[in-house]
Amino acid sequence: MPAREETTPTEVRRTIAVQIALTAVFLLVVFVLLDRLDSDAPPIWLIAVLLLIVVAGAVLAERSWLTVKPLAPDAHDREREALDVYVSQTLRKFAYCEGAVLVCVILAFAVDHAAWPIVIGALPGLAVLAFETWPSPRNLSLIEAMLDADGGSSRLMERFDTARLGDDA
């Protein structure tokens, strides 16, 4: 059996950037297809529903960090395991946030308010998606703190900082 290739922080960043960009392009295409804003603004109840959908995706994404278990102090390759856990958590967060955006897009086709649901729900959802999935110091430190709770060191933030400087360890 061939050895498993290791994911690098640079690949993680690149993949997340591509996913965010693809979502933004998709929203732009849907916005144009739905005649932009050539309709009356939606009623307050629809605005509230769209924003609640985005909030639900954000809450689920935030709570996903709570499912992280600390790495065993005697783990063989803590750095690799930490990156695998980070990628897994990021994919989970991406699914929650992207799901909220897609529900807003579906509602945009279901109601007769042109692309207003895209502007009101999907664009804030895109911002939440970027905030929750990008490997920012906040997201990296949250996962690193949970992984290192049993006393080991996963060096997750250090690996991403090193990768940013060009040395993809």
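Refer to the structure above for everything that follows.
Please read these numbers as outputs of a predicted model, since none were measured by experiment. (Residues numbered from 1 in each chain as written. Predicted model: local features only at pLDDT ≥ 70, side-chain atom pairs only at ≥ 80, totals over all residues. Heavy atoms only, no water.)

Draft legend 1. Up close: the overall build of the chain. Scanning the chain from terminus to terminus reveals six helices and zero strands. In sequence order, the secondary structure elements of the chain are arranged as α-α-α-α-α-α. Structurally, the chain occupies a C-alpha span of about 60 × 35 × 30 Å along its principal axes. Classification of the 169 residues of the chain by burial places 40% in the buried group. Sequence separation of at least 24 residues holds for 83% of the intrachain contacts in the chain that already meet a minimum separation of 6. Surface summary for the chain: the accessible area is close to 9,200 Å², and the carbon and sulfur share equals 66%. Computing the positive centroid from 14 side-chain charges and the negative centroid from 22, the chain places the two 3 Å apart. (Helix = DSSP H or I, 4+ residues; strand = E, 2+ residues; numbered from the N terminus. Buried < 20%, exposed > 50% of the residue type's maximum accessible area, 1.4 Å probe, protein only. Contact = heavy atoms within 4.5 Å. Areas by Shrake-Rupley, 256 points an atom, 1.4 Å probe, with all protein chains shown as cover. Lys, Arg positive; Asp, Glu negative; His and termini not counted. Charge placed at Lys NZ, Arg CZ, Asp CG, Glu CD.)

Draft legend 2. The arrangement of helix H2 (residues 44–63) in detail. End to end, H2 covers 28 Å across 20 residues, agreeing with the expected 28 Å (1.5 Å per residue, within 8%). Considered for burial, the residues of H2 that qualify are Leu46, Leu50, Ile53, Val54, Gly57, Ala58 and Ala61. For H2, the arc enclosing every buried residue in end-on projection is 130°, short of the 170-degree limit, so these residues lie on one face. In H2, the exposed residues that point more than 90 degrees away from the buried face are Ile44, Trp45, Leu52 and Arg63. Considering only its buried residues, H2 is in contact with helix H3 (78–110) and helix H4 (116–133). (Expected span 1.5 Å × (residues − 1). Arc of directions from axis to C-beta.)

Draft legend 3. Representation of the nonpolar core within the structure. Ranked by size, the top nonpolar core spans 38 residues in total, and within it Leu27, Tyr86, Ile118, Ile143, Leu156 and Phe160 carry the most contacts. Counting only elements with at least two residues in this core, the list comes to helix H1 (9–33), H2, H3, H4, helix H5 (137–147) and helix H6 (156–164). Counting residues per element, this core draws most heavily on H3, at 10 residues. (Core = buried A, V, L, I, M, F, W, Y, C linked by side-chain atoms within 4.5 Å.)

Draft legend 4. Representation of the pattern of salt bridges within the structure. If you walk through the whole model with that rule in mind, you get five salt bridges. Of the charged contacts, one joins Arg138 and Glu62 as a salt bridge, the two residues approaching to 2.5 Å between their closest N and O atoms. Within this pair, whereas Arg138 is found in helix H5, its partner Glu62 is found in helix H2, the two being separated by 76 residues in sequence. Accessibility expressed as a relative area gives 30% for Glu62, which makes it partly exposed. (Salt bridge = Lys/Arg side-chain N within 4 Å of Asp/Glu carboxyl O.)

Draft legend 5. Summary view of H1. Taking 1.5 Å per residue, 25 residues should reach 36 Å; H1 reaches 36 Å between its end C-alpha atoms and fits that length. When we look at burial in H1, the residues that qualify are Pro9, Val12, Arg13, Ile16, Ile20, Thr23, Leu27, Val30 and Phe31.

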